[in-house]
Every structure is written in C-alpha cells, then in structure tokens.
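# Residue-level structural notes
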Amino acid sequence: MAKTPSPCIDVCKFKREGHCIGCSMTKAQRSLFKELKKNKSRDAFIGMLQEQQIRLEKYSHWAPKYAKKCKKKKVKPVALKQDLA
C-alpha cells in the first residue's frame, strides 16, 4: 500500500502568519509530517490540517488539488472535506 502523500500542493509560501498559502501547514508541521511513518498517523494529520484550514479560511482550493495528487499517486485520499470556507 502506498503512503499517504504530503498535503503540500507545491506552493510553499509562508505568508499567512507563518502558514503556507497553499496547504496551511507551518514549517514545523511540514517537518512533523515528514517524520510520520504510518498511514494512520498521516491520515490523522491530514484531518487535523483540514480543520485548521476551516479555521483559517481561504483554503477551498486545497482539497481538489490534494485529491488530484492522491489520484496521480494511486492512493485513496483521506475523506476530504470539500466545503472548506
């Protein structure tokens, strides 16, 4: 089984109070995700990140791009919340 891919969508500009404008991760969260080895941990991280995106707003573009990334890597995406604010 392939690993859950990183939530990064290749924007990597930390302009929103230290959060990336593409995926909402901070630099510390990005480092943490790289250390996660098990898919269950990675899936939980993606869920936490989606909650963060809802709280921060302006991330409605992320879910479709991440779903496309998962499809390309032939990995079933985590249940993505499509209605991000």
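Residues numbered from 1 in each chain as written. Predicted model: local features only at pLDDT ≥ 70, side-chain atom pairs only at ≥ 80, totals over all residues. Heavy atoms only, no water.

## Some words on unusual backbone geometry
Here is the rule: Strands here mean DSSP runs of E at least two residues long; helices mean DSSP runs of H or I at least four residues long; both are numbered from the N terminus. Think of it in three bands: with a 1.4 Å probe and only protein chains considered, a residue is buried below 20% of the maximum accessible area for its type, exposed above 50%, and partly exposed in between.
Despite not being glycine, Lys58 shows a phi value in the positive range, around 65°. Its place among the elements puts Lys58 in the loop between helix H2 (39-56) and helix H3 (62-72). Of note in the backbone geometry, Lys74 takes a positive phi value of approximately 60° without being a glycine. Structurally, Lys74 is set in the segment after H3. Residue Lys74 is classed as exposed on the basis of its relative accessible area of 76%.

## Some words on the packing of aromatic side chains
The condition is simple: For this analysis, a ring pair means two rings from Phe, Tyr or Trp (six-membered ring only for Trp) whose centres lie within 6.5 Å, classed as stacked if their planes differ by under 30 degrees, edge-to-face if by over 60, and tilted for the remaining angles. The rule is short: NZ of Lys or CZ of Arg within 6 Å of the ring centre and within 35 degrees of the ring normal puts a charge over the ring.
Tallied over the full model, the rule gives two aromatic pairs. With a centroid separation of 5.2 Å and an interplanar angle of 55°, the aromatic rings of Phe33 and Phe45 are classed as tilted. Of the two residues, Phe33 sits in helix H1 (residues 27-35) while Phe45 sits in helix H2, which places them twelve residues apart along the sequence. An identical accessibility class is assigned to Phe33 and Phe45; each is buried. Cation over ring: Arg16 sits above Tyr59, and NZ or CZ is 4.9 Å from the ring centre.

## Here's the deal with the packing of H1 against H2
Where we set the bar: Axis geometry follows a simple rule: fit a line to the C-alpha atoms, using only the stretch in contact for helices, then measure angles between N-to-C directions, giving values from 0 to 180 degrees. Roughly parallel means an angle under 35 degrees; roughly antiparallel means over 145; roughly perpendicular covers 65 to 115; every other angle is labelled oblique. When the near helix sits turned anticlockwise from the far one by under a right angle, the crossing is termed left-handed; a clockwise turn instead gives a right-handed crossing. The criterion used for residue contact is that any of the two residues' heavy atoms lie within 4.5 Å. Three classes are used, and their members are as follows: Ala, Val, Leu, Ile, Met, Phe, Trp, Tyr, Cys and Pro are nonpolar, Asp, Glu, Lys and Arg are charged, and the others, Gly among them, are polar.
Their axes nearest at 10 Å, the elements H1 and H2 cross at an angle of 160°. The angle between H1 and H2 places the two elements in the roughly antiparallel class. Like other packed secondary-structure pairs, H1 and H2 cross with a definite hand, here left-handed. Contact with H1, carried on its side by Gln29, Leu32, Phe33 and Lys34, involves Arg42, Phe45, Ile46, Met48, Leu49 and Gln52 of H2 and no other residues of that element. Of the residues assigned to the contact of H1 with H2, the class counts are six nonpolar, two polar and two charged.

## Examining H3
Threshold: Directions from the helix axis toward the C-beta atoms define the arc.
Taken as a whole, H3 has its buried residues at Trp62, Ala63, Tyr66 and Cys70. Considered in projection along H3, the buried side chains sweep an arc of 90° and stay on one side of the axis. Exposed side chains of H3 directed beyond 90 degrees from the buried face belong to Lys68, Lys71 and Lys72. Of the surrounding secondary structure, the elements contacted by the buried residues of H3 are H2.

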